[in-house]
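# Per-entry structural report
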Amino acid sequence: MGLIIAANWKMHKTTADTEEFCRAILQDVEKFAGVEVLICPPYTSLPAATNILGGSSLKLGAQDLHWEQEGAFTGEIAGPMLTDLGVEYVIIGHSERRHVIGEDDSRIRAKVKAALECGLKPILCVGETEAQREAGSTNSVIRQQLLSALEGMAAGDMDELVIAYEPVWAIGTGKAAQPGDADAACSFIREVLAKYAGEEMADKVRIQYGGSVKEKNIDSFVELSSIQGALVGGASLEAESFSALIQAARKAV
Ligand code: PGA
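Parameters and conventions
Residues numbered from 1 in each chain as written. Predicted model: local features only at pLDDT ≥ 70, side-chain atom pairs only at ≥ 80, totals over all residues. Heavy atoms only, no water. 1 Å grid on protein atoms, 1.4 Å probe; cavity = no way out; pocket = protein on both sides within 12 Å on 5 of 7 lines; lining within 4 Å. Points joined across faces, edges and corners; volume = space filled by probe spheres on them. Helix = DSSP H or I, 4+ residues; strand = E, 2+ residues; numbered from the N terminus. Nonpolar A, V, L, I, M, F, W, Y, C, P; charged D, E, K, R; others polar. Buried < 20%, exposed > 50% of the residue type's maximum accessible area, 1.4 Å probe, protein only. Pairing = 2+ DSSP bridges. Expected span 1.5 Å × (residues − 1). Arc of directions from axis to C-beta. Contact = heavy atoms within 4.5 Å. Phe/Tyr/Trp six-rings, centres within 6.5 Å; stacked < 30°, edge-to-face > 60°. Lys NZ or Arg CZ within 6 Å of the ring centre and 35° of its normal. Near = heavy atom within 4 Å. Polar contact = N/O pair within 3.5 Å; in protein donor to acceptor, adjacent residues only side chain to side chain. Areas by Shrake-Rupley, 256 points an atom, 1.4 Å probe, with all protein chains shown as cover. Sits in = over half its atoms within 2 Å of the grid points.

One number sums up the size of the largest pocket: a volume of about 530 Å³. Lining the largest pocket are 18 residues, and of these K10, M11, Q63, D64 and R97 lie nearest its centre. At 4 residues, helix α4 (residues 95-101) tops the list of elements feeding residues into the lining of the largest pocket. What lines the second largest pocket is a set of 19 residues, and nearest its centre among them are K10, G172, S212, G233 and G234. When the residues that make up the lining of the second largest pocket are grouped by side-chain class, the tally is 7 nonpolar, 9 polar and 3 charged.

Encoded structure:
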């Protein structure tokens with residue numbers, strides 16, 4: 001299974017910044033062979049990114065979507081508006097949406113369903129807080145987040161699914177998980193998926209690690225057989241360092 005590395009820009013970059021990044025990263029695409037690379041800019045930058053990256057091997061993701069396809073939901077963006085712009089992936093249930101915006105499991109489940117219905121591939125984020133880890137409940141939190149989000153999902157949709165294991169305490173803190181802990185959590189995720197949909201389907205799901213991933217530490221994650229890529233925040237904002245990170249990952253597998 002090839003690696004999938006996604007840039008999660010969060011609430012960063014104007015159209016001009018996006019154009020500059022996309023032009024720069026395009027220079028290096030040949031160095032990414034075998035790695036699926038996607039950029040997840042803010043909604044407002046999707047048209048600029050699609051104009052520049054369209055036709056290249058780089059793919060586009062969105063950072064969220066609404067669970068309905070249209071309607072009276074002021075300020076929201078629906079799946080068909082994203083596919084219309086050439087978006088292929090969508091991040092769902094990021095910890096900043098769960099813990100800062102207050103999104104709950106039922107909303108996340110509805111978003112996974114909506115994404116699949118309109119042909120978007122979900123990147124479902126799961127992960128424990130520091131207090132949950134200290135209380136020894138990492139696995140139960142992960143199991144609950146996974147099973148709740150996937151409830152009702154057909155096993156046949158599993159090959160469209162990416163899971164990002166992102167311990168909340170590692171996001172944006174510079175304090176990445178120990179590779180052994182990430183390995184244990186990602187192996188556990190696959191076990192839960194196997195119980196849910198069977199081993200064959202579970203083996204098709206790509207699992208990313210996310211949380212303070214950098215050029216210097218990505219090798220220690222992607223060399224693990226339980227991990228097939230990374231969801232990268234801070235280190236994805238500069239084209240040069242993001243490119244170096246992808247190349248380091250490629251060398252490590
Ligand atoms: P970070 O963010 O790489 O800045 O820790 C990761 C994420 O939130 O997806």
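This part covers the pairing of strand β4 (residues 89-92). Side chains Y89 and I91 of β4 all project onto a buried face; the interleaved residues V90 and I92 project onto the opposite face, where all are buried too. Pairing between strand β3 (residues 59-62) and β4: 2 bridges, direction parallel. If you follow A62 over to β4, its bridge partner there is V90. One ladder, built from 4 bridges, connects β4 with strand β5 (residues 121-126); its direction is parallel.

On to helix α1 (residues 15-26). Over its 12 residues, α1 extends 16 Å from the first C-alpha to the last, a length consistent with the 16 Å expected when each residue adds 1.5 Å. Of all the positions in α1, only T18, F21, C22 and I25 are classed as buried. Taken end-on, α1 shows its buried residues confined to a sector of 95 degrees, consistent with a single buried face. Those residues of α1 that are buried are in contact with β2 (35-40), α2 (46-53) and α11 (239-252).

Right, let's get into the packing of aromatic side chains. Tallying each qualifying case throughout the model produces 5 aromatic pairs. For the pair F21 and F242, a centre-to-centre distance of 6.4 Å together with 40 degrees between the ring planes defines the contact as tilted. Linking F21 in helix α1 with F242 in helix α11, this pair joins segments that are 221 residues apart in sequence. Every member of this aromatic cluster is reached through a ring pair, and the members are W9, F21 and F242. A cation over an aromatic ring shows up here: K13 above the ring of W9, its NZ or CZ 5.1 Å from the ring centre.

Our focus in this paragraph is the site of the ligand. Taken together, 13 residues surround the ligand, and among them K10, H94, E166, G172 and S212 come closest. With respect to the ligand, the side chain of E166 contributes an N or O atom lying 2.7 Å from an oxygen atom. Measuring from an oxygen atom of the ligand, one finds a backbone N or O atom of G172 at 2.6 Å. Contact with the protein chains removes 96% of the 280 Å² of surface that the ligand exposes when unbound. Its atoms largely coinciding with the cavity grid, the ligand occupies the second largest pocket. Classifying every residue of the shell around the ligand by side-chain character gives 4 nonpolar, 7 polar and 2 charged.

Looking now at the side chain of T18. Along the polypeptide, T18 turns up in helix α1. Taking the relative accessible area as the measure of exposure, T18 reaches 0% and is therefore buried. When near neighbours in sequence (up to four residues on either side) are disregarded, T18 contacts W9, K13, S45, A48 and A49.

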